[in-house]
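An overview of the molecular structure
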Amino acid sequence: MSTIQKITANLWFNTEAEDAVRHYTSIFNNSSIGKITRYGKQRQIISGISEGDVMTISFTIEGQEFVALNGGSTHKFTEAISFIVHCATQEELDYYWTKLSEGGAEKAQVCGWLKDRFGVSWQIVPVSLNDMIADPDPDKSQRVMNAVMKMKKIDLSVLEDAYTQ
């Protein structure tokens, strides 16, 4: 019997769970697709989803397990839940920003946050950001926050300059 992660994020999609999972696992190197379950005849009777369509698809990104569900259009993603991608370099920030924002809502791009083409919210942030904004020197932390508030995609060199002024 396989080991099950204690808490697993479940992402509710209308019908694009498999497309989303394939997209996410193509972006992150340490990722894989797991079990796929399919709808039976009963769901078609209830909601019109065809027998054999993907119901759930499990996947792993960077050691974190997720489940994507094709549940219909009842629920939508909001910014109230987001996934944080911690990046060590500007190159990493740029890579994840470009890949995850492609096809997403440009209006939702602010302060390192973005919404992908499936409506899922992501925060693409440097690893050092929490240390900078939690610095006991309020002037340093405020300068960094002021810089972040003016950005869409995070520019690490601008944050570092604000921090060391």
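Now for a quick tour of the structure.

Rules and cut-offs
Residues numbered from 1 in each chain as written. Predicted model: local features only at pLDDT ≥ 70, side-chain atom pairs only at ≥ 80, totals over all residues. Heavy atoms only, no water. 1 Å grid on protein atoms, 1.4 Å probe; cavity = no way out; pocket = protein on both sides within 12 Å on 5 of 7 lines; lining within 4 Å. Points joined across faces, edges and corners; volume = space filled by probe spheres on them. Nonpolar A, V, L, I, M, F, W, Y, C, P; charged D, E, K, R; others polar. Core = buried A, V, L, I, M, F, W, Y, C linked by side-chain atoms within 4.5 Å. Buried < 20%, exposed > 50% of the residue type's maximum accessible area, 1.4 Å probe, protein only. Helix = DSSP H or I, 4+ residues; strand = E, 2+ residues; numbered from the N terminus. Contact = heavy atoms within 4.5 Å.

Our next topic: the layout of surface pockets. If you add up the space inside the second largest pocket, you get close to 190 Å³. Looking at side-chain class alone, the lining of the second largest pocket contains 11 nonpolar, 3 polar and no charged residues.

Applying the stated criterion to the full structure yields 1 cavity of 30 Å³ or more. Of the voids in this model, the largest cavity is the one considered here, and its volume is about 30 Å³. Lining the largest cavity, in full, are Leu11, Tyr24, Phe59, Ile61, Phe66, Phe83, Val120 and Trp122. In the lining of the largest cavity, the residues fall into 8 nonpolar, no polar and no charged.

In globular proteins that are soluble, nonpolar side chains generally tend to be buried together. Ranked by internal contacts, the top residues of the largest apolar core, which has 38 residues, are Phe13, Tyr24, Leu100, Trp122, Ile124 and Leu159. With 5 residues, the top contributor of residues to this core is helix α1 (residues 17-27). In contact with Leu159, other than residues within four places in its own chain, are Pro126, Leu129, Met132, Val144, Ala147, Val148, Met151 and Ile154.

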